Structure formats: structure tokens, C-alpha cells
Amino acid sequence: MTVPADVSAATAPVLSLPDFIAHWQGHRALTRRVIEAFPEGQLFSFSLGGLRPFGVQATEIHLVDAMTVTALRSGEWPEPDWTAGPTDKAELLAAWDAVSADLAEHGPHTDPAFFTRMHALPWGEMPGWVAAIYAVDNGLHHRAQGYVYLRALGIEPPAFYDR
């Protein structure tokens, strides 16, 4: 990911930290409902066009979010084991809920300086706010694929505006 040189120059937040956490949690809650909408037998097996099954994509969202929440709390960016993770819906939802609880508990207490400092992530160096927004964007991107899969399975996905 390439970050323009001037992105860390921002001095005034667009959102307060509580507003950002609430926004992120709203997206996480909606993605959780997408996970719940999948039939157990399809979550980790159904795919279209050679794309990964949604359960695998949701596990990626979970791992990126967990890494980002860890960084909000500690400043550390431990690279996840991309080959590990939940293998069924119940495990995925339990892991999902644990990250949501961690974000609710620790996110609001993040040092504001975290967002303007540069951080070394597994895929490159960037300011904390760019990395945090990336986590949200990654979830949106993959959730959209989940919507397509649900529709292909004949299932009406949750309303996207109902976060």
C-alpha cells in the first residue's frame, strides 16, 4: 500500500475516537450478520469465480481486525498466522465476538498519538489512522463479496444500511 507523504500531516480529527470505534463496530456487527446468514455447509465451501469462500474471507477480516485492535492497545503489529483460524461458523462467531469485545474495551483508550505515528505492518509502513481505516475497508470489501455469495445462494443478505 502506498501512502502519500502528506497523510500524517493532519492535525484535526475528522471523527472523534469514540465515533470511529462506533463506526467500526457498526461494520463489524453487520458483517457478523452476514456470517450468520450463511448456511453452515456453505460458509467455508461455497465460492464463485475462483474466489475464496466467504468463511475464509471473514477469517481474514477477523485476523486483520484482531491485529489492528492489538496495535491500538499495545502499539505492536503481530502478523497473524494466515493459515490458522476458525473452521466452522460457531468458532468464527466466537472469535469475532472476542475481537469486538476487545475493541469495545480498549479502542476508546487508544493514545491519540497512535494515529499519527508511523507503524510497520506486515505489508508496509503507514500512519496508524491509515492502518485503522484499512482494517475497516478490508472488512467492507470482503463483506460485499459475502453479499454476492448470499444472493447466489438465494439468500437475502442483511440490509447494508442497518448497521
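Each remark here, short or long, concerns the structure printed above.
Summarised in this report is the structure supplied together with it. Keep in mind that this is a model prediction, so the values were computed, not measured. (Residues numbered from 1 in each chain as written. Predicted model: local features only at pLDDT ≥ 70, side-chain atom pairs only at ≥ 80, totals over all residues. Heavy atoms only, no water.)

1. Re the packing of helix α1 (residues 17-37) against helix α5 (residues 128-152)
(1) Moving on: The contact between α1 and α5 brings their axes to 10 Å, and the two run at 25 degrees. Considering the angle they form, α1 stands roughly parallel to α5. Where α1 crosses over α5, the two elements pack in a sense that is left-handed. Facing F20, H23, W24, H27, L30, T31, V34 and A37 of α1, the residues of α5 in contact are A132, I133, A135, V136, G139, L140, R143, G146, Y147 and L150.
(2) Moving on: Classifying every residue of the contact of α1 with α5 gives 12 nonpolar, five polar and one charged. (Axes fitted to C-alpha atoms, helices over the stretch in contact; angles between N-to-C directions. Helix = DSSP H or I, 4+ residues; strand = E, 2+ residues; numbered from the N terminus. Parallel < 35°, antiparallel > 145°, perpendicular 65-115°, else oblique. Left-handed = near helix turned anticlockwise from the far one by under 90°. Contact = heavy atoms within 4.5 Å. Nonpolar A, V, L, I, M, F, W, Y, C, P; charged D, E, K, R; others polar.)

2. Examining the nonpolar core
(1) Moving on: Formed by 21 residues in total, the largest nonpolar core has its most connected members in F20, W24, L72, W77, L103, F114 and F115.
(2) Moving on: Listed by contribution, the elements that provide at least two residues to this core are α1, α3 (54-74), α4 (89-106) and α5.
(3) Moving on: Beyond its immediate chain neighbours, meaning those up to four positions away, F114 contacts A71, L72, W77, H119 and G128.
(4) Moving on: Counting 15 residues, the second largest nonpolar core, distinct from the first, contains L30, F46, F54 and L150. (Core = buried A, V, L, I, M, F, W, Y, C linked by side-chain atoms within 4.5 Å. Buried < 20%, exposed > 50% of the residue type's maximum accessible area, 1.4 Å probe, protein only.)

3. Considering the packing of α1 against α4
(1) Moving on: Interhelical geometry of α1 versus α4 gives an angle of 170 degrees and a closest axis separation of 11 Å. The orientation of α1 with respect to α4, classified from their angle, is roughly antiparallel. Here I21, W24, Q25, R28, T31, R32, I35 and E36 of α1 lie close against α4, whose contacting residues are K89, L92, L93, W96, D97, V99, S100, L103 and A104.
(2) Moving on: Of the residues that constitute the contact of α1 with α4, the class distribution is nine nonpolar, three polar and five charged.

4. Remarks on the side chain of E60
(1) Moving on: Within the element layout of this structure, E60 appears in helix α3.
(2) Moving on: On the basis of relative accessible area, E60 is assigned to the buried category, the value being 16%.
(3) Moving on: Here the side chain of E60 touches R52 through a polar contact of 2.9 Å, side chain to side chain.
(4) Moving on: Leaving out residues up to four positions away in the same chain, E60 has contacts with R52, W82, N138 and H142. (Polar contact = N/O pair within 3.5 Å; in protein donor to acceptor, adjacent residues only side chain to side chain.)

5. Side note on the pattern of salt bridges
(1) Moving on: Tallied over the entire structure, the rule returns seven salt bridges.
(2) Moving on: The salt bridge involving R151 is made with E156; its shortest N-O contact spans 3.3 Å.
(3) Moving on: Classification of E156 by relative accessible area gives exposed; the value is 59%.
(4) Moving on: The network of salt bridges with common partners includes R32, E36 and D97. (Salt bridge = Lys/Arg side-chain N within 4 Å of Asp/Glu carboxyl O.)

6. Focus: the packing of aromatic side chains
(1) Moving on: Inspection of the entire model under this criterion finds eight aromatic pairs.
(2) Moving on: Taking the centre distance of 6.5 Å and the plane angle of 80 degrees together, the rings of F20 and F115 count as edge-to-face. Here the residue F20 occupies a position in helix α1, and F115 occupies one in the loop between α4 and β1 (118-121), the gap between them amounting to 95 residues.
(3) Moving on: According to the relative accessible area criterion, F20 is buried, its value standing at 8%. (Phe/Tyr/Trp six-rings, centres within 6.5 Å; stacked < 30°, edge-to-face > 60°.)

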